[in-house]
Amino acid sequence: MNKSDNPTLPGIHPCRFRMRRTVLRSIKYSCAAFCLSGLLAAAPLFAACTLITAQAAARNDSPEFARTPQEWERLRDNRLEYDEIPDLIHEYNTTVINNRIEYRDYRGKDRKDTAQRYRDTAREIRENISYPDDPTDMSYATMLMAAQTSETTAKNLEEMADNNVDDAQVISMQYEQVEENLVLSTRLNLISYYQKLLNQKLTEENQKLLELQYEVAQNQAAAGTATQLEVLNARQAIEQQSSTIINDSRETETLKQQICLATGWSYNAEPEFGPLPDLDPEVILQIDLEADRARALETNYTLKINRRKYENSTSERNQKTLEETIRDNQQKISSDVQTKYNTLLNAAMSFELAQTEETVAAQNLAAMEIKFQTGLASRLEYQQEQFNLTSKTIAVENAKLSLFSAWVSYQGAVDGLAAAQ
């Protein structure tokens, strides 16, 4: 998609997707019945019945004065920087925009207001129920099933009203959690994207080595020192490597598309991705695990949401269930922080090991170069040693990215996204 395809709007990147906003303000009987699974499965209420798109949402929610001209210019350019990801998702991610608009219907409302919406919808469904009275009608069975389904829907909505523990604060925290998870997953996807590029580079280098091995096998077969089976195996190795290169390319492109869509570009856009920030390994040594665990318990979205639901609960049974849930959340949060901390330490050790192996590979190549120059090693042996060093160098870069990924995951857990369920 070219910039010229869309007009420039305040708060809108001209390369981003635009769609017309349509909001279904009223909830009809058929829509409510159809969306029951969504009502039962997720908050907020009625989200599945509302069609909201990015253009008007972003324009209305983020007017020009919301940011400085310099900030808007930076977000609107065709370059994605790592530190821009939270702002790009906030301004351009369709899910975040939809949630932000949906929240307007909940702002300032307590659990009773939300429960009343369930009851109102249940009443509307009941008012539209019509049981068939002619068993000989060809549509009798279908109409009867529809009426019974509507009865079940209304009953479930009434039960949800009785047990409702959601209010504006719960909905707000749920939406914040969704947004922060999108930020975290996009950051990790960008790291994975760069790792895929490194792997592509390695497979391409390996392809060159395999082609040389194939050439040598052909020459040896011509000289009678190798069999045709060895030539065939060398050829098959090249073909398998070519397939690997194609698969790696596809996976890299998929990651790129996911990053683009999350940050507001069209899936086939070609933004420039900026470099990742450097991580100082010293910060890992400065981690206070107990303090971070305490912070994780304080900031965790799932735990805060369940505590708020407990405050809103009027049912003794619900309160007991939520008490157990909260205790379970606390245990799992602490465990997840510990797990991610251990992963971080392992990543740091892997990075150090990769650096050591690269040093050894460089020394081996230096020794091999002397042998090659003096005729004591073949060109194939020399290129194998070159590839070995290349692979170790790429392994260092990969280990560095894995370390950064582990750090980002750990920080995410500490800042409210530790697995609590």
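Residues numbered from 1 in each chain as written. Predicted model: local features only at pLDDT ≥ 70, side-chain atom pairs only at ≥ 80, totals over all residues. Heavy atoms only, no water.

> Requested: an account of the side chain of Gln177, with residues and values cited.
With respect to the helices and strands, Gln177 occurs in helix 9 (residues 168-222). Under the relative-accessibility criterion, Gln177 is labelled buried at 18%. Among the polar contacts made by the side chain of Gln177, one reaches the side chain of Thr302 at a distance of 2.9 Å. With residues near it in sequence (within four places) discarded, Gln177 still touches Tyr301, Thr302, Ile305 and Leu417. (Helix = DSSP H or I, 4+ residues; strand = E, 2+ residues; numbered from the N terminus. Buried < 20%, exposed > 50% of the residue type's maximum accessible area, 1.4 Å probe, protein only. Polar contact = N/O pair within 3.5 Å; in protein donor to acceptor, adjacent residues only side chain to side chain. Contact = heavy atoms within 4.5 Å.)

> Describe the pattern of salt bridges, and please don't skip the residues or the numbers.
Applying the stated criterion across every chain, the model contains 26 salt bridges. For Arg126, the salt bridge goes to Glu151, with nearest N and O atoms at 2.7 Å. Taken together, the residues span a long stretch of sequence, with Arg126 in helix 7 (residues 111-127) and Glu151 in helix 8 (residues 140-163) at a distance of 25 residues. Judged by its relative accessible area of 33%, Arg126 falls in the partly exposed class. Note that Arg126 and Glu158 form a salt bridge whose closest N and O atoms lie 2.9 Å from each other. Of this pair, Arg126 sits in helix 7 while Glu158 sits in helix 8, and the two are 32 residues apart along the sequence. (Salt bridge = Lys/Arg side-chain N within 4 Å of Asp/Glu carboxyl O.)

> Explain the packing of helix 12 (residues 289-299) against helix 13 (residues 301-312) to me, using residue names and the numbers behind them.
The geometry of helix 12 relative to helix 13 is characterised by a closest axis approach of 6 Å and an angle of 45° between their N-to-C directions. By the angle between their directions, the pair helix 12 and helix 13 is classed as oblique. Between helix 12 and helix 13, the residues in contact are Leu297, Glu298 and Thr299 and Tyr301, Leu303, Lys304 and Arg307, respectively. Broken down by class, the residue content of the contact of helix 12 with helix 13 amounts to three nonpolar, one polar and three charged. (Axes fitted to C-alpha atoms, helices over the stretch in contact; angles between N-to-C directions. Parallel < 35°, antiparallel > 145°, perpendicular 65-115°, else oblique. Nonpolar A, V, L, I, M, F, W, Y, C, P; charged D, E, K, R; others polar.)

Purely geometric stuff here, so don't read any function into it on its own.
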